[in-house]
Amino acid sequence: SYSLLAASASTSLTILDGLGRQMENRSMGETYQGQELMDTRKLPNGVYFFQIVQDSEKISEGKFVVTH
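Residue numbers here run from 1 along each chain, matching the order of that chain's written sequence. Local features in this predicted model are restricted to residues of pLDDT 70 or higher, and side-chain atom pairs are both shown and tallied only at a pLDDT of 80 or more, whereas totals for entire chains, interfaces and linings draw on every residue. Hydrogens are left out, water is left out, and the side-chain values use all remaining heavy atoms of the structure.

(A) Representation of the overall build of the protein chain within the structure. Helix and strand counts for the protein chain come out as zero helices and six strands. In the protein chain, the succession of helices and strands from N to C terminus is β-β-β-β-β-β. In terms of overall dimensions, the protein chain is globule-like: its C-alpha atoms have a radius of gyration of 12 Å, near the 11 Å expected for 68 residues. Considering only C-alpha atoms, the protein chain reaches an extent of 35 × 20 × 15 Å along its principal axes. Contact criterion: two residues are considered in contact whenever any of their non-hydrogen atoms come within 4.5 Å of each other. Sequence separation of 24 or more characterises 48% of the internal contacts of the protein chain that already satisfy a separation of 6 or more. The Shrake-Rupley method, run with a 1.4 Å probe sphere, supplies the accessible areas, and residue values consider only the shown protein chains as cover. Summed over its atoms, the accessible surface of the protein chain is roughly 4,800 Å², and 49% of this surface lies on carbon and sulfur atoms. Charge assignment in this entry is limited to Lys and Arg as positive and Asp and Glu as negative, and neither His nor the chain termini are counted. Charged side chains are reduced to one point each, which is NZ for Lys, CZ for Arg, CG for Asp and CD for Glu. With 6 positive and 8 negative side-chain charges, the protein chain shows a spacing of 10 Å between the two charge centroids. Numbered from the N terminus, helices here are DSSP runs of H or I no shorter than four residues, and strands are runs of E no shorter than two. The size measure is the radius of gyration over C-alpha atoms, and the globule rule it meets is 2.2 Å times the number of residues to the 0.38 power.

Next comes the structure, spelled out in structure tokens:
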């Protein structure tokens, strides 16, 4: 789930693996809040990081763990 201060068509979500390799990048559209769902079945077990970028500026980041 996310809640942003401003909406922008350039908002994107990037998923990185533990080595910093980009696993997925998707446009989030021009919304203030919502929820992004991701199918993690294709990802190996491990720690992953996410970044929300808006107008070339990182506005949020975090991590999550995938275990199957």
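(B) How the structure looks around unusual backbone geometry. Backbone geometry at aspartate 55 places phi at a positive 50°, although glycine is not the residue there. Position of aspartate 55 relative to the elements: it lies in the loop between strand E5 (46–54) and strand E6 (57–66). In this scheme, a residue with accessible area under 20% of its type's maximum is buried, one over 50% is exposed, and one in between is partly exposed, where area comes from a 1.4 Å probe on protein chains only. Exposure remark for aspartate 55: the relative accessible area of 52% places this residue in the exposed category. The phi dihedral of serine 56 falls on the positive side, at around 65°, and the residue is not glycine.

Shape descriptors only; they carry no functional weight alone.
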